[in-house]
Amino acid sequence: MGKPGAGKGTQATRLLDYYQLKHISTGNVYRDEISKRSLIGIEAEKYIKKGELVPDDLTNDIVREILCRKDYPNGFMLDGYPRTETQAIALNQMLASLGLALTACINVDVSDDILLNRMAGRRVCSTCNATYHIHFHPSVIPGVCDVCGSALIQRADDLEESVLNRLRIYNNKTRPLLNFYQKQGLLQVVDGTRATDEVFADITKRLGEPNHGNDQIEPRN
Ligand code: ADP
Ligand code: ADP
Ligand code: ZN
C-alpha cells in the first residue's frame, strides 16, 4: 500500500523477483485493457483519466478472476489493491474461499511534497509497464525502455490536477485501510523516502528470506 507515487510498483518489481511472486497490479491490468481498447478498458479509462477510482465491483471481479487461476506456487503480491474498505472486505472473502491468507501488508510511507516530485518525473514503458524517473531512475537511452526498447511515456493521470485528486482520494478512501490491516496484525510501515535499495532492504528484512528454493536439490560438484 502507499500513496500514488510512493514507490509501490518499483518495490513490487524487485520483490517479485526476489520472492518469485505473481504480480497482481490492478493499475497495470487497467492500463493494458485501455491500450487494447477492450470494454473493461474503455469503462476504466473514464475514471482513471480524472484520477478517480474505478468502481469496486469491476475491480473486485478482476482480482477474483486472477486469484482463482491459482497460478502462483510461491504466492502473489497485490499492488494497488485493495484501495477501499469494500475492496478489502471482498478480498478477505476471496482469500477465505480459496483457503489463503495474507502474510503482510506493507505501507510505503512518503510525504506529499516528495510524491509530487516523483510523479512529475515518472515515465513508464508504453509496452511492458517498466517504470523510470527522469532524475532518480533514468533509462540508459532517454525516452527508451531498457527492458524492451519501446517508447517511454508520461501517464495521463500523472499531470498535476489528476495527481492532487488521487492524493485526496487516497486520504479519504485508502488511508483508513491501514487501520483495517493494523487491527489484523498485518501492517508493516516502511519509510519510503529513502533510496530504492534501502527501502527494498528494509522490506525484505521484515518479510524474511525467500523460501521458494527450499525443496530444490543441491547441485553436486
Ligand atoms: P499509482 O501507481 O499511481 O498509485 P496505479 O497504477 O496503482 O496508480 O493505478 C492507476 C489508476 O488505476 C488509479 O488512479 C485508479 O484510477 C485505477 N485503479 C488502480 N487500482 C485500483 C483499485 N484497486 N480500485 C480502483 N481503481 C484502481
Ligand atoms: P507507485 O507504484 O507507488 O505509484 P512508482 O513505483 O511508480 O510508485 O514510483 C513513482 C516514481 O518515483 C517513479 O518514477 C519511480 O521511478 C520513482 N521512485 C520510486 N521509488 C523511489 C525512491 N525510493 N527514490 C526516488 N524515486 C523513486
Ligand atoms: Zn518496456
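Residues numbered from 1 in each chain as written. Chains lettered and ligands numbered in written order. Predicted model: local features only at pLDDT ≥ 70, side-chain atom pairs only at ≥ 80, totals over all residues. Heavy atoms only, no water.

Side note on the packing of aromatic side chains
Scanning all chains against the criterion turns up four aromatic pairs. Ring geometry for Tyr18 and Phe200: centres 5.6 Å apart, planes at 80°, overall edge-to-face. Placement of the pair is Tyr18 in helix H1 (residues 8–19) and Phe200 in helix H9 (residues 196–207), with a sequence separation of 182 residues. A relative accessible area of 31% means that Tyr18 is categorised as partly exposed. Here Phe200 falls in the buried class, since its relative accessible area comes to 13%. Cluster of aromatic residues (ring-pair linked, three or more members): Tyr18, Tyr19 and Phe200. Sitting above the plane of the Phe200 ring, Arg14 keeps its charged end 4.2 Å from the centroid. (Phe/Tyr/Trp six-rings, centres within 6.5 Å; stacked < 30°, edge-to-face > 60°. Helix = DSSP H or I, 4+ residues; strand = E, 2+ residues; numbered from the N terminus. Buried < 20%, exposed > 50% of the residue type's maximum accessible area, 1.4 Å probe, protein only. Lys NZ or Arg CZ within 6 Å of the ring centre and 35° of its normal.)

Some remarks on the site of ligand 2
Around ligand 2 there are 18 residues in total, and Gly5, Lys8, Thr10, Arg122 and Tyr132 lie nearest to it. Note that an oxygen atom of ligand 2 is positioned 3.2 Å from one of the backbone N or O atoms of Ala6. One of the side-chain N or O atoms of Thr10 is found 2.6 Å from an oxygen atom in ligand 2. A total of 570 Å² of accessible area belongs to ligand 2 in isolation, and the protein chains cover 93% of it. Elements that contribute at least two residues to the shell around ligand 2 include exactly H1 and strand S5 (131–133). (Near = heavy atom within 4 Å. Polar contact = N/O pair within 3.5 Å; in protein donor to acceptor, adjacent residues only side chain to side chain. Areas by Shrake-Rupley, 256 points an atom, 1.4 Å probe, with all protein chains shown as cover.)

Some remarks on empty space enclosed by the protein
Within the structure shown, the criterion is met by one cavity of 30 Å³ or more. Together, Lys3, Asn107, Val108, Asp109, Val110, Tyr170, Arg175 and Leu178 line the largest cavity. Looking at side-chain class alone, the lining of the largest cavity contains four nonpolar, one polar and three charged residues. (1 Å grid on protein atoms, 1.4 Å probe; cavity = no way out; pocket = protein on both sides within 12 Å on 5 of 7 lines; lining within 4 Å. Points joined across faces, edges and corners; volume = space filled by probe spheres on them. Nonpolar A, V, L, I, M, F, W, Y, C, P; charged D, E, K, R; others polar.)

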